[in-house]
Amino acid sequence: MSEILILGGDGYLGWPTAMYFSNKGYNVTVVDNYFRRNSCVELDSGMLYPVPTLIERAKIWHQLTGKEIKVIIGDLTQPDLMRSLFTGNLEYNWAVNKNYSGAPATVVHYAEQPSAPYSIYNYKYADTTLTNNLRVTNNLIWAIKDFCRDTHIIKLGTMGEYGTPDIDIEEGWIDIEHKGRKGTFLFPRQAGSLYHTTKIMDTDLLWFAVRMWDLCVTDLMQGPVYGIQTPESDIDHRLRTIFNYDEIFGTIINRFIVQAVIGYPLTVYGKGGQTRGYLNINDTLQCVHMSEKTPADKGELRIFNQIMETFSANEIAEIVDRVGRNLGFDVNIDHIDNPRKEAEEHYYNPTYQGLIEIGVEPHYLTDEVMESMFKVVASYRENIREDVIFKGVKW
Ligand code: USQ
């Protein structure tokens, strides 16, 4: 079966992706430096439940399924580690396993600092975000250029690269007619945080590499993800993904459900008209899988908008309120001063057909889906810390 390498395999999306592909019979290797969990400790952020280390999780997975996920703990900003992943020469790094072959057919690149508030928190974290994200992407590009040009790169980008322009958002590219001549260009980007800006820079680096060296790249412009369970994590609760509800690493839907469970008024920022495209964690897995099955061509930067439906912050609060009340929770909605610099009322009309055209079948945020999230979150109610929900990291 095909070999797949997952960079950032310990994160919210990385670990579920690893189990998903392993379950389907792929030969999976994950790499991670524990950035996310170490940052949670450093920042004293709340995690809904403790998560075994990546090595422990891979062992649990092996015991329960008989399948192997190979784990490498290491820092991908170090070029030697990144390059060794594409030559199969792991003698000088932290490889836990000895039988990684190298030359993966696909590499999924999640190995980035993913939080907008983290990137704006202070100079140190801004610098960490820029250096980590850009270095890992540059190291990956050069390793592939030098050793493995047929490997398909699936890169996690973000819808936030586009910002909230007053025109319809296309999937990555736009045709422009200017002074009687026509051309196709990357859709204009204007991010609202330093984190999102690093994703724009990643896209630029990848586009350069595609033009210069004919690499094959799929860039997934993903919106905020929600969810806890995937079929693979349902095998054993110790396989559940890392789940944050704090202001730094938690995303809005996950946060609001946790808030509703403990009767903390939902933290809608400002007027609440901020609209984004959302998707279920299970659809992230599907999108990556369908992208893997239908790779980009050589010399192609293929861009998909990875969202399934759009909501404003107010609409999300209303759904959480309705579902929470039906389940007997004491839900209230608050509007607090927006710590971010962002449009609170704006036009938002993105296109998102491409992934459906290659076979993705969307899951939507139904009341049943939200109820099942409420039930899991409520089972960890004792662990929820009010003090990490809102600290007010200002832009
Ligand atoms: N928001 C609230 N209240 C909260 C938290 C968020 O009103 O308690 C609002 C924010 O102001 C924002 C929207 O909800 O307008 C989304 O915020 P978020 O924290 O859920 O997501 P964001 O910071 O945009 O970042 C997340 C992921 C990031 C990913 C991005 C996709 O952390 O990795 O790239 O979603 S997107 O938003 O499309 O750029």
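Keep in mind it's a predicted model, so treat the numbers as computed, not measured.

**Q** How should I be thinking about the packing of helix α1 (residues 14–23) against helix α9 (residues 281–293) in this particular structure?
**A** Two packed helices can be described by the angle between their axes and the distance between those axes. Where α1 contacts α9, the two axes come as close as 10 Å, and the packing angle between them is 55°. By the angle class used here, α1 and α9 are oblique. Along this stretch, α1 crosses α9, giving a crossing that reads as right-handed. Here P16, T17, Y20 and F21 of α1 come into contact with α9, specifically with I281, L285, Q286, V288, H289 and E292.

**Q** Quick question: what am I supposed to make of helix α12 (residues 367–379) here?
**A** Residues spaced three or four apart along an α-helix point in a common direction, a consequence of the helix completing one turn every 3.6 residues. Here α12 is 13 residues long and its end C-alpha atoms lie 18 Å apart, about the 18 Å a rise of 1.5 Å per residue gives. All of the buried residues along α12 are M370, M373, F374, V376 and V377.

**Q** Would you explain the packing of helix α8 (residues 252–261) against α12 in this entry?
**A** At their nearest, the axes of α8 and α12 sit 10 Å apart, and the two run at 60° to each other. Taken as axis vectors, α8 and α12 run oblique relative to one another. In this structure, α8 crosses over α12, and the sense of that crossing is right-handed. Across from I253, N254, I257, V258, A260 and V261 in α8, the residues of α12 making contact are M370, M373, F374, V377 and A378. When the residues that make up the contact of α8 with α12 are grouped by side-chain class, the tally is 10 nonpolar, 1 polar and no charged.

**Q** Would you mind showing me how to read the sheet that holds strand β5 (residues 152–158) here?
**A** If you walk across this open sheet you meet the 7 strands as β3-β2-β1-β4-β5-β8-β12, and the pairing is parallel. Because the sheet does not close on itself, it has two edges, and the strands there are β3 (69–73) and β12 (300–306). Sheet twist, expressed as the mean angle between neighbouring strand axes with direction ignored, is 20°. Where strand β4 (residues 106–109) and β5 come together, 4 bridges link them in parallel fashion. Looking across to β5, one finds that V107 is bridged to I153. Contacting β5, β8 (216–222) and β12, helix α7 (residues 194–213) runs over the sheet at an angle of about 150° to β5.

**Q** What is the right way to read the nonpolar core from this model?
**A** Where a protein is soluble and globular, its nonpolar side chains tend to be buried together. V28, I69, V320, M370, F374 and V377 are the most contacted members of the largest nonpolar core, which has 75 residues in total. When near neighbours in sequence (up to four residues on either side) are disregarded, V320 contacts F256, I257, A260, L266, R325, V331, M370 and F374. Counting residues in each nonpolar core, the second largest holds 35 residues, with M82, C148, W213 and L215 among its members.

**Q** Can you walk me through the pattern of salt bridges in this structure?
**A** Pairing between side chains of opposite charge can happen when the charged atoms of each approach one another. Counted according to the given criterion, the structure contains 17 salt bridges. Taking the shortest distance from any N to any O, the salt bridge between E112 and K199 comes out at 3.7 Å. Of the two residues, E112 sits in the loop between β4 and α5 (116–121) while K199 sits in helix α7, which places them 87 residues apart along the sequence. Look at E112 and you get buried, because its relative accessible area is 8%. Judged by its relative accessible area of 3%, K199 is buried. Between D202 and K155 there is a salt bridge; the shortest N-O distance is 3.0 Å. Note that D202 is positioned in helix α7 and K155 in strand β5, a separation of 47 residues in sequence. Look at D202 and you get buried, because its relative accessible area is 0%. A network of salt bridges, in which partner residues are shared, links D10, R37 and R57.

Thresholds applied
Residues numbered from 1 in each chain as written. Predicted model: local features only at pLDDT ≥ 70, side-chain atom pairs only at ≥ 80, totals over all residues. Heavy atoms only, no water. Axes fitted to C-alpha atoms, helices over the stretch in contact; angles between N-to-C directions. Helix = DSSP H or I, 4+ residues; strand = E, 2+ residues; numbered from the N terminus. Parallel < 35°, antiparallel > 145°, perpendicular 65-115°, else oblique. Left-handed = near helix turned anticlockwise from the far one by under 90°. Contact = heavy atoms within 4.5 Å. Expected span 1.5 Å × (residues − 1). Buried < 20%, exposed > 50% of the residue type's maximum accessible area, 1.4 Å probe, protein only. Nonpolar A, V, L, I, M, F, W, Y, C, P; charged D, E, K, R; others polar. Pairing = 2+ DSSP bridges. Core = buried A, V, L, I, M, F, W, Y, C linked by side-chain atoms within 4.5 Å. Salt bridge = Lys/Arg side-chain N within 4 Å of Asp/Glu carboxyl O.

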